[in-house]
Amino acid sequence: MALPHSVSALATTVTLSSPISKPQNLNPLPFFSNQNSQVSTKQTRPRSRRNLSLTPARVAAPPSTIETDQSFPETEEGETGEEFNDESSSSKFSWRDHWYPRFVNRRSEPSLAHTEGRIDEDGKLQCSYHGWSFDGCGSCVKIPQASTEGPEARAIRSPKACATRFPTMVSQGLLFVWPDENGWEKANASKPPMLPDDYDKPEFATVNIQRDLFYGYDTLMENVSDPSHIDFAHHKVTGRRDRAKPLPFKMDARGPWGFSGANEGNPQISAKFVAPCYYMNKIEIDTKLPVAGDQKWVVWICSFNVPMAPGKTRSIVCSARNFFQFTVPGPAWWQVVPRWYEHWTSNKVYDGDMIVLQGQEKIFLSETKEGGDVNKQYTNITFTPTQADRFVLAFRNWLRRHGDGQPEWFGSSSDQPWPSTVLSKRQMLDRFEQHTLKCSSCKGAYEGFQTWQKILIGATVVFCATSGIPSDIQLRVLLAGLAIVSAAFAFALSQLQKNFEFVDYVHAEID
């Protein structure tokens, strides 16, 4: 494809349970009644500054009718990859009636690290702005500023002081939210989208990563639907420019649920989009090794692309592969690569896309600034002449036909500028705010790097200060050498620490 030229103080999602491989039943009990309860809250005072709202739109993940295995649906009658302008199969899509992953949930990660809420001394959810506390039913149990007698004492029983509770579920290490406070019955009857069965097989090594991105849902979904960019945008990271070749994709099926398709050849890439935000890529590579002989390498890249606000999307990527397992983190004793190191590579992938997609989104917004729908004008704004573009066209087609052009947001924010139009490159590529603070492994490693830098700098000062004291020249040289070594290590750690904060990405400088 080529181009022709506010969150409130109480906004929070809470879970106290551990990751599980299969979906849990919804728990309607209070927040902290037991270790398996999960609740997401939204305060219901629309005119108060303490208004509580979930950041995501009225959006979530796929319904219960989708398949949970690794097969693809049958081809729908009358659907072909070239029918971009066909309106015959248009139907209303409900963004609200789906599960959406909120974040990766691990035992080592405190859930409230993703929010501005906190757990108070009594185990209740507390607003960090005014200190109001709520129980698991959303009832206000404490207003610190209220008198214990008179009308103020009765304020906690007012409906205006209550918070709204959303259905939540933990499945395969992800916390899902159903963004409809009245949707408990539908949520109970639905299942969140499942990762492929290969993720549970011992021969597959898995890696998960989450990052908040400052471009829109449709921009990110187009990106994950576009395999053509990998060899160029991610040159020497996950692809190489000299390996680019035609990708003759064919559509297998399309409909309100999403679409699927694949190519023929080696490697074979099978793709499936399950509306509204789940995208699966399966890459199968036939290869031959000198000792092991013929091998079939399999790579899964499953992404949840969750709309958070206009111009802001949360990306949760779960990948798995059955080769070179020693190069990725894992439970085996020989899998020594730390998770934070693997995330350095994953963040390079995000950075390689980020600055390019920022420019693309600016062009799309300028072309539709009069209120037009980019999905309807897509084939006029872009040039998509190859079969490799079919998945991109299929997504834009789905969003136009079934998704009403964009997610269904809580409230109206159309007058606010999109982040990609106002943020600097440094802000767009800010790994620290977008990922490190939300990842227990990266945050822990970052703090460890800082601690070791302080130790090494202190050692450098001590060695320098004492190197002139001994009368023995050899001891003086030894202390001076230790000062140089400790200073060098401190400097090296400061350079490595940038991988947690910001690394400038310039495509032209990567040969």
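Refer to the structure above for everything that follows.
Residues numbered from 1 in each chain as written. Predicted model: local features only at pLDDT ≥ 70, side-chain atom pairs only at ≥ 80, totals over all residues. Heavy atoms only, no water.

A. Representation of a nonpolar patch on the surface within the structure. A cluster of nonpolar side chains, namely F324, F326, W333 and W334, defines an oily patch on the protein surface of about 550 Å² accessible area. Within the secondary structure, W333 is located in the loop between strand 17 (312-321) and helix 4 (339-367). (Patch = residues over 30% accessible without salt bridge, like charges linked within 9 Å, V, L, I, M, F, W, Y side chains within 5 Å. Areas by Shrake-Rupley, 256 points an atom, 1.4 Å probe, with all protein chains shown as cover. Salt bridge = Lys/Arg side-chain N within 4 Å of Asp/Glu carboxyl O. Helix = DSSP H or I, 4+ residues; strand = E, 2+ residues; numbered from the N terminus.)

B. Structural view of the packing of aromatic side chains. For the structure shown, the criterion picks out 31 aromatic pairs. Ring centres 5.3 Å apart and planes at 75° place the aromatic pair W99 and W178 in the edge-to-face group. Here the residue W99 occupies a position in the loop between strand 2 (38-43) and strand 3 (100-104), and W178 occupies one in the loop between strand 10 (174-177) and helix 1 (184-188), the gap between them amounting to 79 residues. The pair W99 / W178 is uniform in exposure class, with both members buried. Ring plane angle 70° and centroid distance 5.4 Å describe the contact between W344 and F500, whose orientation is recorded as edge-to-face. With W344 in helix 4 and F500 in the segment after helix 11 (473-497), this pair connects stretches of sequence that are 156 residues apart. According to the relative accessible area criterion, W344 is buried, its value standing at 9%. What makes F500 buried here is its relative accessible area of 1%. Through successive ring pairs, a cluster of aromatic residues spans F93, W95, Y217, F249, F259, F273, Y279, F391, F395 and W398. The ring centre of F323 lies 5.6 Å from the NZ or CZ of R321, which sits over that ring. (Phe/Tyr/Trp six-rings, centres within 6.5 Å; stacked < 30°, edge-to-face > 60°. Buried < 20%, exposed > 50% of the residue type's maximum accessible area, 1.4 Å probe, protein only. Lys NZ or Arg CZ within 6 Å of the ring centre and 35° of its normal.)

C. The arrangement of the pattern of salt bridges in detail. With the rule as written, the count across this model stands at 14 salt bridges. Residue E222 pairs with R396 through a salt bridge whose shortest N-O separation is 2.8 Å. Residue E222 is found in helix 2 (residues 217-224), and its partner R396 is found in helix 6 (residues 390-401); the two are separated by 174 residues along the sequence. By relative accessible area, R396 is classed as buried at 0%. Taking the shortest distance from any N to any O, the salt bridge between E284 and K282 comes out at 4.0 Å. Exposure class is identical for E284 and K282. Each is buried. Because the salt bridges share partners, they merge into one network encompassing R96, D180 and E181.

D. Focus on the sheet that holds strand 3. In spatial order, the strands read 3-10-9; together these three strands make up an open sheet with antiparallel pairing. Edge positions in the sheet fall to strand 3 and strand 9 (168-171), since each of these pairs with one other strand and no more. Averaged over all neighbouring strand pairs, the angle between strand axes comes to 30°, with direction disregarded. Bridge analysis of strand 9 against strand 10 gives four bridges, and the strand direction is antiparallel. Paired with T168 across the strands is V177, a residue of strand 10. (Pairing = 2+ DSSP bridges. Axes fitted to C-alpha atoms, helices over the stretch in contact; angles between N-to-C directions.)

E. Representation of the pairing of strand 13 (residues 258-262) within the structure. Judged by how many residues are buried, strand 13 sits mostly within the fold: five of five residues are covered. The sheet contact formed by strand 12 (residues 250-255) and strand 13 spans five bridges and is antiparallel. Looking at strand 13, one finds that M251 is bridged to G261. Connecting strand 12 to the next strand, strand 13, in antiparallel fashion are two residues.

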